[in-house]
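As a plain string of letters, each chain reads:
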Amino acid sequence: MTAYGYIRKSVVHDPARMLSPEMQEAAIRKLAAANGDDDVVILSDLDVSGRKGRSRRPGWDELLRAVEDGECKSVYAYSLSRFARSVSQLADFFELSERQGVKVRVDRDHIDTSTATGKLIGNVLASLAQFEADVASERVKDAFAAKRQRDPEWRGPGNSAYGDEAGEDPLVVVAAFRDAGSFDGAARLLNTRGVPSRFSNGHLWSGSVVRGVVKRHAPDEVGPMVRRGSPAGRRSFRFSGLVECSTCHKTLTGSRDTRRGDVRYACSRARVIPHVRGWVNESKLLPVIAAEVGHAAVAMKRLQKGSAEDDAALATLAAKRARVIDTYTDGLIDKAERDRRLADIAVAESKLSTRRWIKRISLPPDIETGDPAKVNTYLRRLFERVTVDMSQPATFGPSKWLPTLDFEWRDPSMRVEEDTA
């Protein structure tokens, strides 16, 4: 099993207040060495708020998956606030770690969940982290309120509402809504007519954006939101966050038809821009993906688990990272070059982590009948993304059509042809 360290840095504009990743990593490695973990895999999320969920924090997501999959034996961090700023997130993390037998150790806050006192301190400090974030939020709100009193014309931070900038006509949006009779239909009309959206960098009109404009300028025409079916995008689906549309490269969203019990993956942009096919059934994806998974070199799991070669490779990468940091500290390279080199090291570690994880599992889950959440974890370890060819029109009724898929492996060396496996 592997020891993991987690680093996070929020967006900070004052360098004097920045908790540098280098400082965090040095403290993590020192604490890990003191507890007998000289080999630590570092995961990080830079310029990301601790209030974001796992879907918005790749490093955090990878850490949680390592804990869930039984690959992780201990987790290290500089401070509790690096994990999260939400009591619920921290509570879930500590509960998951305890259930999986993973020790959590935090340097600055002197937390060690292998002891009863450490568990208590962790829960108390989680509440304090939430309190600190709430106090900061209140200060910002008070500052905004004071600024509004001084300048009644000030509309607040961020982007102004659509219609406040030159060349923007919200009445055109309202008229499109009346013509189409729906928000998605209005978005299609606006995109077809070439009406520019707020941003000029390729952003298109969507139903939710149209709804916001109509709600502001014609509130009487906006009815209450009605949600049907089960929530979409949950990780309980086999291919959540994995398959993408070949037309617009948007990640397909999984949803379940509560009447038929089928799972389908749909492109949300198909509602507002032309698509030959807007969705695909999971039953069509299953055999194709299962066949590709068969090329994974899972036979390695029968070899030595955690081989000396893997351990040596991780140690080499750790030493390389330390040299890069020293070189930057000595002023021999700039920050951009440092970040580029560290990113290359992180990619190499990610690939090695995948191979080590594959070796450690006893048996891979059955793609077609296994638990969807476990299947999703397994597939996301193998593939970066799977692009679905959406150029074939959908047909009603039974069909022998199977989609063409383009697989991007996280580590191409994991794919082995049958005659060479």
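Residues numbered from 1 in each chain as written. Predicted model: local features only at pLDDT ≥ 70, side-chain atom pairs only at ≥ 80, totals over all residues. Heavy atoms only, no water.

### Comments concerning the overall build of the protein chain
Helix and strand content of the protein chain: 12 helices and 11 strands. Taken over 421 residues, the protein chain has a buried fraction of 40%. Sequence-distant contacts in the protein chain: of pairs separated by 6 or more residues, those separated by 24 or more amount to 66%. Taken as a whole, the protein chain presents about 23300 Å² of accessible surface, with 52% of it coming from carbon and sulfur. (Helix = DSSP H or I, 4+ residues; strand = E, 2+ residues; numbered from the N terminus. Buried < 20%, exposed > 50% of the residue type's maximum accessible area, 1.4 Å probe, protein only. Contact = heavy atoms within 4.5 Å. Areas by Shrake-Rupley, 256 points an atom, 1.4 Å probe, with all protein chains shown as cover.)

### Topic: the packing of aromatic side chains
With the rule as written, the count across this model stands at 11 aromatic pairs. Between the aromatic rings of Trp 60 and Phe 93, the centroid separation amounts to 5.1 Å while the plane-to-plane angle is 50°, which identifies the pairing as tilted. Here Phe 93 lies in helix 4 (residues 87-100) and Trp 60 lies in helix 2 (residues 58-68), a separation of 33 residues in the sequence. Measuring from ring centre to ring centre gives 5.2 Å for Tyr 162 and Trp 205, while their planes differ by 75°; the resulting arrangement is edge-to-face. Of this pair, Tyr 162 sits in the loop between helix 5 (116-150) and helix 6 (170-180) while Trp 205 is found in the loop between helix 7 (183-193) and helix 8 (207-217), placing the two residues 43 residues apart along the sequence. Here the aromatic residues Tyr 6, Trp 60, Phe 83, Phe 93 and Phe 94 are joined through ring pairs into a cluster of three or more. The side chain of Arg 338 reaches across the aromatic face of Tyr 328, ending 4.5 Å from its centre. (Phe/Tyr/Trp six-rings, centres within 6.5 Å; stacked < 30°, edge-to-face > 60°. Lys NZ or Arg CZ within 6 Å of the ring centre and 35° of its normal.)

### What about the sheet that holds strand 6 (residues 243-245)?
Read across the open sheet, the three strands follow the order 6-10-11; overall the sheet is mixed. Each edge of the open sheet carries a strand with a single partner, namely strand 6 and strand 11 (405-409). Recorded for the sheet is a direction-independent mean angle of 25° between the axes of neighbouring strands. The pairing of strand 10 (residues 383-388) with strand 11 spans five bridges and is classified as antiparallel. For Phe 383, the partnering residue across the bridge sits in strand 11 and is Trp 409. Strand contacts of helix 9 (residues 282-293): strand 6, strand 10 and strand 11, with the helix running at about 40° to strand 11, the strand carrying the most contacts. Across the sheet, helix 12 (residues 372-382) touches strand 10 and strand 11, and the angle it forms with strand 10 is around 95°. (Pairing = 2+ DSSP bridges. Axes fitted to C-alpha atoms, helices over the stretch in contact; angles between N-to-C directions.)

### Comments concerning the pattern of salt bridges
Taken as a whole, this structure holds 22 salt bridges when the rule is applied. For the salt bridge of Asp 184 with Arg 271, the shortest nitrogen-to-oxygen distance reads 2.7 Å. Of this pair, Asp 184 sits in helix 7 while Arg 271 sits in the loop between strand 8 (263-266) and strand 9 (279-281), and the two are 87 residues apart along the sequence. When its relative accessible area of 43% is taken as the criterion, Arg 271 is described as partly exposed. (Salt bridge = Lys/Arg side-chain N within 4 Å of Asp/Glu carboxyl O.)

### What to know about the packing of helix 2 against helix 4
Close contact between helix 2 and helix 4 brings their axes to 9 Å; oriented N to C, the two are set at 30°. When the axes of helix 2 and helix 4 are compared, the pair comes out roughly parallel. On helix 4, the residues touching Trp 60, Leu 63, Leu 64, Val 67 and Glu 68 of helix 2 are Gln 89, Phe 93, Leu 96, Ser 97 and Gln 100. Here the contact of helix 2 with helix 4 is built from residues that sort into six nonpolar, three polar and one charged. (Parallel < 35°, antiparallel > 145°, perpendicular 65-115°, else oblique. Nonpolar A, V, L, I, M, F, W, Y, C, P; charged D, E, K, R; others polar.)

### Observations regarding the sheet that holds strand 7 (residues 253-256)
In spatial order, the strands read 7-8-9; together these three strands make up an open sheet with antiparallel pairing. Looking along the sheet, the strands with just one partner apiece sit at the ends: strand 7 and strand 9. Here the average twist between neighbouring strands, direction ignored, is 30°. Here strand 8 runs beside strand 9; their pairing, made up of three bridges, is antiparallel. In the strand pairing of strand 9, Ala 266 is matched with Trp 279. Against the sheet, helix 9 touches strand 8 and strand 9, its axis set at about 70° to strand 9.

### Observations regarding unusual backbone geometry
With the exception of glycine, most residues fall at negative phi, and the peptide bonds are largely trans. Positioned with a positive phi, His 110 is a non-glycine residue whose angle comes to about 55°. Mapped onto the secondary structure, His 110 falls in the loop between strand 4 (103-106) and strand 5 (111-112). Judged by its relative accessible area of 68%, His 110 falls in the exposed class. Backbone geometry at His 249 places phi at a positive 60°, although glycine is not the residue there.

### Here we look at the pairing of strand 8
Of the two faces of strand 8, the one holding Val 263 and Tyr 265 is buried and the one holding Arg 264 and Ala 266 is not buried anywhere. In the sheet, strand 7 pairs with strand 8 via four bridges, with the strands oriented antiparallel. Looking across to strand 8, one finds that Arg 256 is bridged to Val 263.

### Topic: the packing of helix 7 against helix 8
Orientation of helix 7 relative to helix 8, taken along the N-to-C sense of each, is 100°, at an axis distance of 8 Å. Classed by the angle they form, the pair helix 7 and helix 8 counts as roughly perpendicular. Across the interface between the two elements, Phe 183, Asp 184, Ala 186, Ala 187 and Leu 190 of helix 7 pack against Gly 207, Val 210, Arg 211 and Val 214 of helix 8. Within the contact of helix 7 with helix 8, the residues separate by chemical class into six nonpolar, one polar and two charged.

### Examining the confidence of the model for the protein chain
Put simply, the protein chain has an average pLDDT of 79, and 82% of its residues get 70 or more. Note on residues 13-17: pLDDT is under 50 here. Beyond four places in sequence and across chains, it has one contact. Segment residues 299-306: pLDDT under 50, and 14 contacts once partners within four positions in sequence are set aside and those in other chains are kept. (pLDDT = per-residue confidence, 0-100.)

### So, a nonpolar patch on the surface
On the surface, a nonpolar cluster with roughly 280 Å² of combined accessible area is contributed by Leu 120, Val 124 and Leu 128. By secondary structure assignment, the location of Val 124 is in helix 5. (Patch = residues over 30% accessible without salt bridge, like charges linked within 9 Å, V, L, I, M, F, W, Y side chains within 5 Å.)

### What about the state of the cysteines?
In total, this model carries zero disulfides according to the counting rule given. For Cys 267, which is in no disulfide, the shortest distance to another cysteine sulfur is to Cys 248 and amounts to 3.4 Å. (Disulfide = S-S within 2.5 Å.)

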